[in-house]
Amino acid sequence: MRPTLPAAQAAARARKTHVSPSQTPTPQSSPRQSSLQRAQSPKGQHQKTQGQKTQNKKTQSQKAQTQRPEADQPQPAPRRRLGALDGLRAIAVLAVIVYHLDTSWLPGGYLGVDVFFVLSGFLITSGLVRDHDDRDGISLGRFWVRRLRRLIPALWAMVLVCTAALALFPPDLRAALGRQLLGAFTYTSNWLSIGAHDSYFAKDTPLAFVHLWSLAIEEQFYLVWPLLLFGVLAVRRAGRVTVALALAIASGAGMALMYVPGADPSPVYFGTFTHLFGLMLGAAFAFARPLYSTRGLGQLGARRPLAAGVVNVIALVSLAVLGLAFALLGDQLPFTYQGGIFLVSALVVVAIATLGDQRSVVTKVLQTAPCRLIGRLSYGMYLWHWPVIIMVRHLVGGRGEPLPTALVVVISLGLTTLASWLSYRFVEQPILRLGFRQSVKAVHARLVETGGMRRHVVPIGAAAIVSVLCVVSLISAPDRSTAQQYVEDGAVYANAASAKAPAIDPHGAPPAEPLFPSTQPIAQIHGTDMIAAGDSVMLASARQITESYPGILIDAQVARQSGDTFHAARQLLADNPDRRVLVVHAGTNGGIDAGALEDLVTWAGPNRRIVLVDIFAARSWEQPGNATLESVAAQHPQTVAVAHWHAAVQDHVDELAGDQIHPGDAAAGRYVASVTDALGRLGVTVVG
């Protein structure tokens, strides 16, 4: 930030009138006298002056030597910034962005957040250990002020600008905006999301600021961890590591135990205690090898450094395995929450341990200029990317076609990078350098003292417009989106149409009779002969389904993956062996495994009829998923048919919710009609 004009003038006057402490003031002489004295100055006097300068240098050197501390006295550790850590941040933020652009491109990209957690735990604990060991102790006020300077300006800038922009979009994008803003400003987003039953993994009901859950966990860590450190630092280094590891293991165990397979994992994913382990693993490594310690971050061996080849192997393997986790560890796999995320976090610790060694090829790559630049912008990029993506996706439209998808990617990445750079350059760095109070004074001086406010009409007008739009956006925000409304209303009917029977393990080979229904031909059925398993689209249609097929049993859930839908269908068949017609709707939230679907059809047996409702969702897996459904049905033409929901609704998107996925009343009628049509192609008529 440039100094203001009055400040610059004052500094110039000070330089003109400054007198060095080593100089002695002398009576002022006239310019003529000064010229005469310079002209008559003998050579010996010049040599005497040079001798005085040499003597002054010797005296200053002797003073410095007398002030130098003894070699055995502790020295404050210099502040180190490892460029490779910025490179690791770059990998993490890019993984998250790709995941949010399309989960099928990088199913485990959400793990980038856990990379941030480990880095934060390591860096924050390293700094606090340095303050405790080498300085004047931990100052809570100083630490918290530094954190607030680092985090709040960029966050508030993003929230205000995006809230204003959302006023120009449909109300669905502003759903629950008041609650989201409360969570953003108080760093309680994760707990408010848990209380509201928000799903982080639902691809069809995005909330503009749902991604701030991770910042909430980090800020809660920054608030509590320094207080606990007063007790932890009282023990020896090994004890400190043990305490941090114990907390990490307890957190990981909590996630594994509280996770319910088949249910939405968002509560355990959002929870502070159940997702604390990454921060604590980073803290444990900071106790063992703090960043600012003379022991060296890259010195993995206890007494001597590892060989360069060994360091390279560890670095390359850890980064390669991390890449595999990004590619393979999907957000709906039970292993993900039963130790998978914990193991990935531990792997990040190993990767960090090698980055302080300049012999590592990975270190050299990650500290290149592009990686360091993205790493330094990573905080802003994480803040901006999700609101930008959902707004750009709405503007571009399209249904997963290559051109609209490419436009969403290019525009979203461009706007995210630009916004994060502007935030870094004009918001984050000035406040980090000057502090809140001095920054406000500088802005005030620039607006008022340098020519008056009339010279700054544009920025003042922009601020006024943003303020007005923020108010409009907040006032007009609905409590829930139309998609949520349709799903919640339908869930009432689905719950009424559900039944709980003694569980029968549906896995394995088809069971023996009498679990199979009668072998008599299926021509006319009642609703009491039907069962249905699906996701939130089926939930939204539940009222029309129950009215058209009285007595049908429904098991449908929000954010359910296809594998979980197939499992639920098996369980329904096992619990209700006399019901002869199964309706399945899967694929809204992710791809369809053809093998798993084929297993379900085989398990159901030849004496049942199965209707597979196809997918209508602007996602990359829509067309491949529908092709899989058609392929499986073609292999079983006598028992399986596809309900063409996609064809029924594609020309009537105005009957869908704002997300253009969930049906309203009229579209739900088309949904039921497509199921009835599929049954007719199987020779089945519903008579009541």
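Just so you know, these numbers come straight off a predicted model, no measurement behind them.

Draft legend 1. Representation of the sheet that holds strand 6 (residues 640-643) in the model. Ordered by their spatial adjacency, five strands build an open sheet running 3-2-4-5-6, and the pairing between neighbours is parallel. The two strands at the open ends of the sheet, each matched to only one other strand, are strand 3 (553-556) and strand 6. Strand-to-strand twist of the sheet, defined as the mean angle between neighbouring strand axes without regard to direction, takes the value 15 degrees. In this sheet, strand 6 lies alongside strand 5 (residues 609-613) in parallel orientation, the contact comprising four bridges. Looking at strand 6, one finds that V613 is bridged to A643. Strands strand 2 (530-534), strand 3 and strand 4 (581-585) of the sheet are contacted by helix 22 (residues 562-575), whose axis makes an angle of about 160 degrees with strand 2. Of the strands in this sheet, strand 4, strand 5 and strand 6 touch helix 23 (residues 594-604), which is tilted by about 155 degrees from strand 5.

Draft legend 2. Here's a closer look at the packing of aromatic side chains. Counted according to the given criterion, the structure contains 21 aromatic pairs. For the pair Y200 and W213, a centre-to-centre distance of 5.9 Å together with 70 degrees between the ring planes defines the contact as edge-to-face. Taken as a pair, Y200 in the loop between helix 8 (189-195) and helix 9 (213-232) and W213 in helix 9 lie far apart in primary sequence, 13 residues in all. Overall, the relative accessible area of 8% leaves Y200 in the buried class. The rings of Y99, Y110, F117, Y200, F201, W213, Y259, Y269, F270 and Y337 are connected pair by pair, giving a single aromatic cluster. Its guanidinium or amino end placed over the ring of Y222, R147 lies 5.3 Å from that ring's centre, counting from NZ or CZ.

Draft legend 3. A look at the pattern of salt bridges. Tallied over the entire structure, the rule returns 13 salt bridges. Residues D131 and R146 are paired through a salt bridge, measuring 3.7 Å at the closest nitrogen-oxygen approach. Highlighted residues: D131 in helix 5 (residues 112-134) and R146 in helix 6 (residues 140-166), separated in sequence by 15 residues. On the basis of relative accessibility, which here comes to 2%, the residue D131 falls in the buried class. The salt bridge involving R543 is made with D665; its shortest N-O contact spans 3.3 Å. Of the two residues, R543 is situated in helix 21 (residues 542-548) and D665 in helix 26 (residues 665-681); the sequence distance between them amounts to 122 residues.

Draft legend 4. Structural detail: the environment of L347. Inspection of the secondary structure puts L347 in helix 14 (residues 334-354). Owing to a relative accessible area of 18%, L347 belongs among the buried residues under this scheme. Residues L347 and S318 lie 29 residues apart in sequence; the distance between their C-alpha atoms is 6.2 Å. With near-sequence residues (within four places) excluded, L347 lies in contact with S318, V321 and L322.

Draft legend 5. Molecular detail of the nonpolar core. L155, M158, L212, W213, F287, I352 and L383 are the most contacted members of the largest nonpolar core, which has 111 residues in total. Leave out the neighbours within four places in its chain, and L212 touches L155, M158, V159, A184, S189 and L383. A494, V537, I545 and F616 belong to the second largest nonpolar core, which has 64 residues in total.

Draft legend 6. Summary view of the packing of helix 5 against helix 12 (residues 277-288). Contact geometry of helix 5 with helix 12 gives a least axis separation of 7 Å together with a crossing angle of 40 degrees. When the interaxial angle is binned, helix 5 and helix 12 end up oblique. Our pair here, helix 5 against helix 12, has a crossing hand that is right-handed. Residues D114, F117, V118, S120, G121, F122, T125, S126 and V129 of helix 5 form the contact with helix 12, whose own contacting residues are F277, G278, L279, G282, A283, F285, A286 and F287. Among the residues forming the contact of helix 5 with helix 12, the class breakdown is ten nonpolar, six polar and one charged.

Draft legend 7. Expanded view of the state of the cysteines. Tallied over the full model, the rule gives zero disulfides. Unpaired in this structure, C162 has its nearest cysteine sulfur neighbour in C470, at a distance of 9.6 Å. Given a relative accessible area of 2%, C162 falls into the buried group.

Conventions and cut-offs
Residues numbered from 1 in each chain as written. Predicted model: local features only at pLDDT ≥ 70, side-chain atom pairs only at ≥ 80, totals over all residues. Heavy atoms only, no water. Pairing = 2+ DSSP bridges. Helix = DSSP H or I, 4+ residues; strand = E, 2+ residues; numbered from the N terminus. Axes fitted to C-alpha atoms, helices over the stretch in contact; angles between N-to-C directions. Contact = heavy atoms within 4.5 Å. Phe/Tyr/Trp six-rings, centres within 6.5 Å; stacked < 30°, edge-to-face > 60°. Buried < 20%, exposed > 50% of the residue type's maximum accessible area, 1.4 Å probe, protein only. Lys NZ or Arg CZ within 6 Å of the ring centre and 35° of its normal. Salt bridge = Lys/Arg side-chain N within 4 Å of Asp/Glu carboxyl O. Core = buried A, V, L, I, M, F, W, Y, C linked by side-chain atoms within 4.5 Å. Parallel < 35°, antiparallel > 145°, perpendicular 65-115°, else oblique. Left-handed = near helix turned anticlockwise from the far one by under 90°. Nonpolar A, V, L, I, M, F, W, Y, C, P; charged D, E, K, R; others polar. Disulfide = S-S within 2.5 Å.

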